[in-house]
Amino acid sequence: KFASGAAAGIVGSGLANPTDVLKVRMQAAEGASRSMMAHARDVYSDGGMLAFYRGVQTTMIRAAILNATKLAAYDDVKHKLINNGVMQDGVSLHFVASMIAGVSVAATTSPVDLVRTRLMNQPPGQRLYTGMVDCAMKSIRKDGVMSLYRGFTPQWMRFGPFTIVQFMVWEKMRNWYGMKGI
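Residues numbered from 1 in each chain as written. Predicted model: local features only at pLDDT ≥ 70, side-chain atom pairs only at ≥ 80, totals over all residues. Heavy atoms only, no water.

### A word on a nonpolar patch on the surface
A cluster of nonpolar side chains, namely Val165, Val169, Trp170, Met173, Trp176, Tyr177 and Met179, defines an oily patch on the protein surface of about 790 Å² accessible area. Secondary-structure assignment places Trp170 in helix α6 (residues 152–176). For Trp170, a relative accessible area of 39% puts it in the partly exposed group. (Patch = residues over 30% accessible without salt bridge, like charges linked within 9 Å, V, L, I, M, F, W, Y side chains within 5 Å. Areas by Shrake-Rupley, 256 points an atom, 1.4 Å probe, with all protein chains shown as cover. Salt bridge = Lys/Arg side-chain N within 4 Å of Asp/Glu carboxyl O. Helix = DSSP H or I, 4+ residues; strand = E, 2+ residues; numbered from the N terminus. Buried < 20%, exposed > 50% of the residue type's maximum accessible area, 1.4 Å probe, protein only.)

Listed below in structure tokens is the structure:
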């Protein structure tokens, strides 16, 4: 569960990193709105094609953690609740296991998300950080360990409902098609 989730996250995020860099740049831009192509030209002029892969290692690590945590937390919580007689298989169980998985995802990805955003959003021509560890350490030194969890609440508010809907739909479709759980 953990390995398959991590592998899917690594491959998918690595391929999509250029669009993620553009999204971060567009969201962080101030002033008049500019087109995606204008931002793409800026990124390219700041380092060629490799500039589109700025932060790719952090993005891949984040995606691996996110997917692995989500799948493993959901399945483990679900089976522990069933096996310990706390809940029976059904909508309530799926909701609780999904909610816990969503909180787990937000808790494990918040630090990496902060680092990833800061790496991708470095000013053109400037390198404020040499990499993930440098960025995390500078953030901790400047603002403390809890600074790594800035944005946790909106992140959970995003992942929580998504994870709940995702797994509840998955369980319903699994039942409709006669697929047995793991």
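Structure's up, so let's keep going.
### With respect to the pattern of salt bridges
Summed over all chains, the structure comprises 12 salt bridges. As a salt-bridge pair, Arg54 and Asp46 come within 3.0 Å of each other at their nearest N and O atoms.

### Describing the packing of helix α1 (residues 2–28) against helix α3 (residues 56–83)
Two elements in contact, α1 and α3, have axes separated by 7 Å at closest approach and are oriented at 145 degrees. With respect to the hand of their crossing, α1 and α3 are arranged in right-handed fashion. Facing α1, whose interface residues are Phe2, Ser4, Gly5, Ala6, Gly9, Ile10, Ser13, Gly14, Asn17 and Asp20, α3 presents Val56, Thr59, Met60, Ala63, Ala64, Asn67, Ala68, Thr69, Leu71 and Ala72. Residues of the contact of α1 with α3, tallied by class, amount to 10 nonpolar, nine polar and one charged. (Axes fitted to C-alpha atoms, helices over the stretch in contact; angles between N-to-C directions. Left-handed = near helix turned anticlockwise from the far one by under 90°. Contact = heavy atoms within 4.5 Å. Nonpolar A, V, L, I, M, F, W, Y, C, P; charged D, E, K, R; others polar.)

### Looking at the environment of Phe162
With respect to the helices, strands and loops of the structure, Phe162 is situated in helix α6. Residues Phe162 and Ser98, spaced 64 residues apart in sequence, show a C-alpha to C-alpha distance of 9.1 Å.

### With respect to helix α5 (residues 132–143)
The end-to-end C-alpha separation of α5 is 16 Å, in line with the 16 Å expected for 12 residues at 1.5 Å each. Phi turns positive one or two residues past the end of α5, at Gly144, with a value near 90 degrees. (Expected span 1.5 Å × (residues − 1).)

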